[in-house]
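Architecture and fold: a report
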Amino acid sequence: MHGARWILLEQDEIQHALSALMFAELDGVLVAVDHRKTSPEDGLWQRAVHLLLVSEQEDAEEIRLKTGITKVISNDSSTIEDYLW
């Protein structure tokens, strides 16, 4: 992760990336997850996420307040790269 600014994950990759998520913040790396295939389920993985992209059918503000994720976006047409900072 040395030198990386973001880790970009699809929702299916979360279970395989838990160790990377654990150390991302220590390395100063931000985490973005594209979670538009299904509704996000609660889990410790959310603590490491800075940007979550969900389907337009989801209430982004409700998810943000519930999870504490910095930025939650509901959009079915954009890519996650469009929202990186």
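Model, not experiment: these values are computed from the prediction. (Residues numbered from 1 in each chain as written. Predicted model: local features only at pLDDT ≥ 70, side-chain atom pairs only at ≥ 80, totals over all residues. Heavy atoms only, no water.)

1. What about a negative patch on the surface?
- A contiguous patch of negative charge on the surface is contributed by Glu10, Glu13, Glu81 and Asp82.
- Residue position: glutamate 10 is located in strand β1 (residues 6–10).
- Under the relative-accessibility criterion, glutamate 10 is labelled partly exposed at 36%. (Patch = residues over 30% accessible without salt bridge, like charges linked within 9 Å, V, L, I, M, F, W, Y side chains within 5 Å. Areas by Shrake-Rupley, 256 points an atom, 1.4 Å probe, with all protein chains shown as cover. Salt bridge = Lys/Arg side-chain N within 4 Å of Asp/Glu carboxyl O. Lys, Arg positive; Asp, Glu negative; His and termini not counted. Charge placed at Lys NZ, Arg CZ, Asp CG, Glu CD. Helix = DSSP H or I, 4+ residues; strand = E, 2+ residues; numbered from the N terminus. Buried < 20%, exposed > 50% of the residue type's maximum accessible area, 1.4 Å probe, protein only.)

2. Some details on the side chain of glutamine 11
- Take glutamine 11: it is sitting in the loop between β1 and α1 (18–24).
- A polar contact of 3.1 Å, which involves the side chain of glutamine 11, links it to the side chain of histidine 35.
- The contact partners of glutamine 11, leaving out residues within four places of it in the chain, are Val33, Asp34, His35, Arg36, Lys37 and Thr38. (Polar contact = N/O pair within 3.5 Å; in protein donor to acceptor, adjacent residues only side chain to side chain. Contact = heavy atoms within 4.5 Å.)

3. A short note on the packing of aromatic side chains
- Summed over the entire model, instances satisfying the criterion amount to one aromatic pair.
- Judged by centre distance (4.9 Å) and plane angle (85°), the rings of tryptophan 6 and tryptophan 85 are edge-to-face. One end of the pair, tryptophan 6, is in strand β1; the other, tryptophan 85, is in the segment after β4 (71–74), and 79 residues separate them in sequence. (Phe/Tyr/Trp six-rings, centres within 6.5 Å; stacked < 30°, edge-to-face > 60°.)

4. As for the pattern of salt bridges
- If you walk through the whole model with that rule in mind, you get four salt bridges.
- Across the salt bridge formed by aspartate 42 and lysine 66, the nearest N and O atoms sit 3.5 Å from each other. Within this pair, whereas aspartate 42 is found in the loop between β2 (30–35) and β3 (51–54), its partner lysine 66 is found in helix α2 (residues 60–67), the two being separated by 24 residues in sequence. In this pair, the class of aspartate 42 matches that of lysine 66, namely exposed.

5. Thoughts on the side chain of histidine 35
- For histidine 35, the location among the structural elements is in strand β2.
- Overall, the relative accessible area of 6% leaves histidine 35 in the buried class.
- The contacts of histidine 35, once residues within four sequence positions are left out, are Gln11, Ile14, Pro40, Trp45, Leu52, Leu53, Val54 and Ser55.

6. Some points on the sheet that holds β2
- Strand order in the open sheet made by the four strands is β1-β2-β3-β4, with parallel pairing throughout. The sheet terminates laterally at β1 and β4, the two strands that pair on one side only. Neighbouring strand axes in the sheet, compared pairwise and without regard to direction, differ in orientation by 15° on average.
- Bridge count for β2 against β3 is four bridges, and the pairing is parallel. (Pairing = 2+ DSSP bridges. Axes fitted to C-alpha atoms, helices over the stretch in contact; angles between N-to-C directions.)

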